[in-house]
Each structure stands twice: as C-alpha cells, then as structure tokens.
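Okay, here's what each chain looks like letter by letter:
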Amino acid sequence: MPRSTYIPVKSRTIGRGKHMDSVVLKKVLLFACSHRPCELEKVMGLKHGTAVRACAKVRELCLTQEKIGAMTPSQVAGLYYARKNAAKATTGQEKIMPDLTLLQEKWQMTRPQSSMPRERKLALTLQLIVEKYYFELPENVEQQTRGKVFLSESHVLRLWRTYRRQQVAPAYRVPHVPGKEAEYDFCGVKLRYYRGQ
C-alpha cells in the first residue's frame, strides 16, 4: 500500500494552465507550509526546481495550512497561477524591507576564511541567510501579522547584491600625468640596470 504522501510520477511536475493538477498542487503547498524544499524532494519525490518554487510561492502569498485547507483545489490552483492578479493585490500594501547590514554581517561571520572545501561547506549560503534573517526574523514576522507583506526572495537578493557593490573596499589609486613618470614592480630574480653614457 503506498504511503499517504505518495504522488504518481506523472503528476510530480507542477505545470501551467491545463497541465496543472490542482489536487497535487494543494498537497504540495500544504506540505511546503512547514517544510523545506529538500524535504519536499525526499517525501514527495518532487524535482528541486519545483520544490523551491512551491516554498517561495507559499512565502510570497503568505499562505498557511489553515488558509489552504479552507480552499478547494481549484481555488488553490487559481491563486497559485494568477501571478499578475496576486502582484496587483499586494502593490498597495506596505512592504517589509530587509536589514541589508544585518544580512551582510551574518554572511561575513559564517563565511570561513580558509579555502578548504570542507570548511567552505559549513558556510551559510545567501539564500539560507535571507530565509533565516529576513523571513524568519521575529520582528519581520510580527510586522507580517500587522498586515505588511514580505518581498520575494529574488527581490531581497537583488537589493543585497546592489548593497554589496556599494560597499567596496578602498583601493590605492595614484593619479599620473601621462608620460611624466612610471612605476615598476619586480618579483623573483632582480634585473640589472645599466645607465647609458
């Protein structure tokens, strides 16, 4: 007898339009409310991209198990697929802006200084830092209960990328007049210098 979370192989990919299986979609979103994408892959046998999109959609639409359970499969499919309508509905709401300084500090703290592969694996990725210090931060969760809306993960990463580009370490730059003087740096064997007559 198959387990209760079993999904047939043909229905594991969440398609678009006529190919979307609304019953499977509702099961996946219910499971994604309290689990990570890797657990969706293991338990339900979903592909990695499908699992990541399902978890991102749950956060984007602020869905809970109670909200999804109260809807029919066709309503869930309509909400999941109506991307433009959902975006228009949240345009007037106030957004929860990320603390980019906090994200950058946590990334530098968890980033290993060594170049060893085993130590590099222990560092948190940008996506995990955004999930932990933006979506799961108690202050942001409290703001969500007041009616504010989270930004999408890709939007937060885009803002963070812009912030990191602005925080460039100062570099030594010396202005030179063309042809007036030159600087030479040598390493290794010293070169002999002869002054012509």
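Residues numbered from 1 in each chain as written. Predicted model: local features only at pLDDT ≥ 70, side-chain atom pairs only at ≥ 80, totals over all residues. Heavy atoms only, no water.

Engineer: Where do I start with helix 3 (residues 48-60) in this structure?
Structural biologist: Within an α-helix, residues lying three or four positions from one another point in the same direction, as the helix has 3.6 residues per turn. Across its 13 residues, helix 3 extends 18 Å between first and last C-alpha, which sits within 8% of the 18 Å expected from 1.5 Å per residue. Of the residues one or two after helix 3, Cys62 is the one with positive phi, at around 55°. (Helix = DSSP H or I, 4+ residues; strand = E, 2+ residues; numbered from the N terminus. Expected span 1.5 Å × (residues − 1).)

Engineer: What is the right way to read unusual backbone geometry from this model?
Structural biologist: What you tend to see is this: most non-glycine residues have negative phi, and most peptide bonds are trans. Non-glycine residue Cys62 carries a positive phi angle of around 55°. On the secondary structure map, Cys62 appears in the loop between helix 3 and helix 4 (65-70).

Engineer: Sorry if this is basic, but what is going on with a positive patch on the surface here?
Structural biologist: Among the surface-exposed residues, Arg111, Arg158, Arg161, Arg164 and Arg165 lie close enough to one another that they form a single positively charged patch. Note on placement: Arg111 falls in the loop between helix 7 (100-110) and helix 8 (117-120). (Patch = residues over 30% accessible without salt bridge, like charges linked within 9 Å, V, L, I, M, F, W, Y side chains within 5 Å. Areas by Shrake-Rupley, 256 points an atom, 1.4 Å probe, with all protein chains shown as cover. Salt bridge = Lys/Arg side-chain N within 4 Å of Asp/Glu carboxyl O. Lys, Arg positive; Asp, Glu negative; His and termini not counted. Charge placed at Lys NZ, Arg CZ, Asp CG, Glu CD.)

Engineer: Which parts of the structure should I look at to understand the layout of surface pockets?
Structural biologist: A probe matching the size of a water molecule, rolled over the atoms, marks out where space remains unfilled. If you add up the space inside the largest pocket, you get close to 430 Å³. Around the largest pocket, the lining is made up of 19 residues, and of these Cys33, Val58, Arg59, Phe135 and Glu136 lie nearest the centre. Mapped by element, the contributors of at least two residues to the lining of the largest pocket are helix 3, helix 9 (126-135) and helix 10 (138-145). (1 Å grid on protein atoms, 1.4 Å probe; cavity = no way out; pocket = protein on both sides within 12 Å on 5 of 7 lines; lining within 4 Å. Points joined across faces, edges and corners; volume = space filled by probe spheres on them.)

Engineer: What am I meant to see in the nonpolar core here?
Structural biologist: In summary, soluble globular proteins display a tendency toward joint burial of nonpolar side chains. Ranked by size, the top nonpolar core spans 20 residues in total, and within it Leu25, Val28, Leu29, Leu40, Met44, Leu63 and Val76 carry the most contacts. Mapped onto this core, the elements with two or more residues apiece are helix 1 (22-32), helix 2 (37-44), helix 3 and helix 5 (73-81). (Core = buried A, V, L, I, M, F, W, Y, C linked by side-chain atoms within 4.5 Å. Buried < 20%, exposed > 50% of the residue type's maximum accessible area, 1.4 Å probe, protein only.)

Engineer: Even after reading the chapter, I still don't get the packing of aromatic side chains, so can you show me in this structure?
Structural biologist: Describing an aromatic ring pair means giving the distance of the ring centres and the angle of the ring planes. Summed over all chains, the structure comprises three aromatic pairs. Both rings, one in Tyr134 and one in Phe135, keep their centres 4.8 Å apart while their planes meet at 70°; by these two values the pair is edge-to-face. Tyr134 sits in the buried class, given a relative accessible area of 0%. Judged by centre distance (5.3 Å) and plane angle (55°), the rings of Phe135 and Phe150 are tilted. Remark: Phe150 occurs in strand 2 (residues 149-150) and Phe135 occurs in helix 9; sequence separation between them is 15 residues. A relative accessible area of 9% places Phe135 in the buried class. Looking at Arg59, its charged tip hangs above the ring of Phe135, at a distance of 4.6 Å from the centre. When the ring centre of Trp107 is taken as origin, the NZ or CZ atom of Arg164, which lies over that ring, is 4.4 Å away. (Phe/Tyr/Trp six-rings, centres within 6.5 Å; stacked < 30°, edge-to-face > 60°. Lys NZ or Arg CZ within 6 Å of the ring centre and 35° of its normal.)

Engineer: Just to check I follow, could you spell out the packing of helix 9 against helix 11 (residues 153-166) for this structure?
Structural biologist: Think of two packed helices as two axes; the pair is described by the angle between the axes and how far apart they sit. Taken N-terminus to C-terminus, the directions of helix 9 and helix 11 make an angle of 105°; their axes are 11 Å apart at the nearest point. Judged by the inter-axis angle, helix 9 sits roughly perpendicular to helix 11. For the pair helix 9 and helix 11, the contacting residues are Leu126, Gln127, Ile129, Val130, Tyr134 and Phe135 in the first and Glu153, Val156, Leu157, Trp160 and Arg164 in the second. Classifying every residue of the contact of helix 9 with helix 11 gives eight nonpolar, one polar and two charged. (Axes fitted to C-alpha atoms, helices over the stretch in contact; angles between N-to-C directions. Parallel < 35°, antiparallel > 145°, perpendicular 65-115°, else oblique. Contact = heavy atoms within 4.5 Å. Nonpolar A, V, L, I, M, F, W, Y, C, P; charged D, E, K, R; others polar.)

Engineer: Help me understand the pattern of salt bridges in this model?
Structural biologist: Opposite charge on two side chains lets them pair, provided their charged atoms get close. Tallying each qualifying case throughout the model produces four salt bridges. With its nearest N and O atoms 3.6 Å apart, the salt bridge here joins Lys148 to Glu94. Of this pair, Lys148 sits in the loop between helix 10 and strand 2 while Glu94 sits in the loop between helix 6 (83-89) and strand 1 (95-96), placing them 54 residues apart in sequence. Look at Lys148 and you get partly exposed, because its relative accessible area is 25%. Residues Arg146 and Glu142 are paired through a salt bridge, measuring 2.7 Å at the closest nitrogen-oxygen approach.

Engineer: What's the story with the packing of helix 7 against helix 9 in this structure? I'm lost.
Structural biologist: It is at 10 Å that the axes of helix 7 and helix 9 come closest, and there the two elements cross at 130°. Classified by the angle their axes make, helix 7 and helix 9 are oblique. Considering only the axes of helix 7 and helix 9, their crossing is right-handed. In contact with Leu102, Leu103, Lys106, Trp107 and Thr110 of helix 7, helix 9 contributes Leu126, Ile129, Val130 and Tyr133. Considering only residue class, the contact of helix 7 with helix 9 consists of seven nonpolar, one polar and one charged. (Left-handed = near helix turned anticlockwise from the far one by under 90°.)

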